[in-house]
Amino acid sequence: MIAPDSAAASPGETATVLESCELAFRWSPANEPPRLRRDFEELTKLAFRVMKECTLPGLVLFDGKPYRSSRIGKAAVETVRTQGLRLRDTSAPRNQLELKAAS
C-alpha cells in the first residue's frame, strides 16, 4: 500500500512510502459443506504457492542482512525504484528496510 509518511518528512513536506500488507482471508468452515471445506484448503495452498512464485525475497535491512519474513512483487519493486519510495514494515527491526541492490 502506498501511504504518506509524515514521520519521515520535513516540516510542511510529505514523504511517501510503500507499506507492507498481509495476505489474509476470513472463513468459517463449520458453516460450509465438507466438499467446500476440502476445496478451500486446496485453493489456499495453491494461492500461497502462486504468491511465492511471483514475489521476491528482495528486501534487506539497512545493514545489508536479508529480511526473510517479507516478500515483494516485481511491480512493487519497479514502483519503489521509479517513484523513489521508501519502504515501511512495522515488523522489521526499527522499520529499517530497503530493496536488495539490483544484480
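One can find the structure itself at the top, above this paragraph.
All values derive from a computational prediction rather than experimental measurement. (Residues numbered from 1 in each chain as written. Predicted model: local features only at pLDDT ≥ 70, side-chain atom pairs only at ≥ 80, totals over all residues. Heavy atoms only, no water.)

Peer 1: What exactly am I supposed to notice about the overall build of the protein chain here?
Peer 2: Within the protein chain, the secondary structure is distributed over 2 helices and 7 strands. In the protein chain, buried positions account for 22% of the 103 residues. At a minimum sequence separation of 6, the contacts of the protein chain that also span at least 24 residues come to 44%. Summed over its atoms, the accessible surface of the protein chain is roughly 7800 Å², and 54% of this surface lies on carbon and sulfur atoms. (Helix = DSSP H or I, 4+ residues; strand = E, 2+ residues; numbered from the N terminus. Buried < 20%, exposed > 50% of the residue type's maximum accessible area, 1.4 Å probe, protein only. Contact = heavy atoms within 4.5 Å. Areas by Shrake-Rupley, 256 points an atom, 1.4 Å probe, with all protein chains shown as cover.)

Peer 1: Is there a simple way to explain the pattern of salt bridges in this structure?
Peer 2: If charged atoms from side chains of opposite charge come close, those side chains can pair. Scanning the model with the defined rule gives 3 salt bridges in all. With a shortest N-O distance of 2.5 Å, Asp-39 and Arg-35 are connected by a salt bridge. Pair noted here: Asp-39 and Arg-35 are both in helix α1 (residues 34–53), with a separation of 4 residues, about one helical turn. Where Asp-63 meets Lys-65, a salt bridge forms, and the shortest distance between an N and an O atom there is 3.9 Å. Here Asp-63 matches Lys-65 in class, with each residue exposed. (Salt bridge = Lys/Arg side-chain N within 4 Å of Asp/Glu carboxyl O.)

Peer 1: It is not clear to me how the nonpolar core should be interpreted in this structure. Could you clarify?
Peer 2: A general tendency of soluble globular proteins is for nonpolar side chains to be buried together. Judged by nonpolar contacts, Leu-59, Leu-61, Tyr-67, Ile-72, Val-77, Val-80, Leu-85, Leu-87, Ala-92, Leu-97 and Leu-99 together constitute the single largest core of 11 residues. Of all the secondary structure elements, the ones that give two or more residues to this core are β4 (59–61), α2 (74–83) and β7 (97–99). (Core = buried A, V, L, I, M, F, W, Y, C linked by side-chain atoms within 4.5 Å.)

Peer 1: Would you take a moment to explain the side chain of Thr-55 for this structure?
Peer 2: Looking at the element boundaries, Thr-55 is found in strand β3 (residues 55–56). Under the relative-accessibility criterion, Thr-55 is labelled buried at 14%. At 2.8 Å, the side chain of Thr-55 forms a polar contact with the backbone oxygen of Met-51. What Thr-55 contacts, discounting residues up to four positions off in sequence, is Arg-71, Ile-72 and Gly-73. (Polar contact = N/O pair within 3.5 Å; in protein donor to acceptor, adjacent residues only side chain to side chain.)

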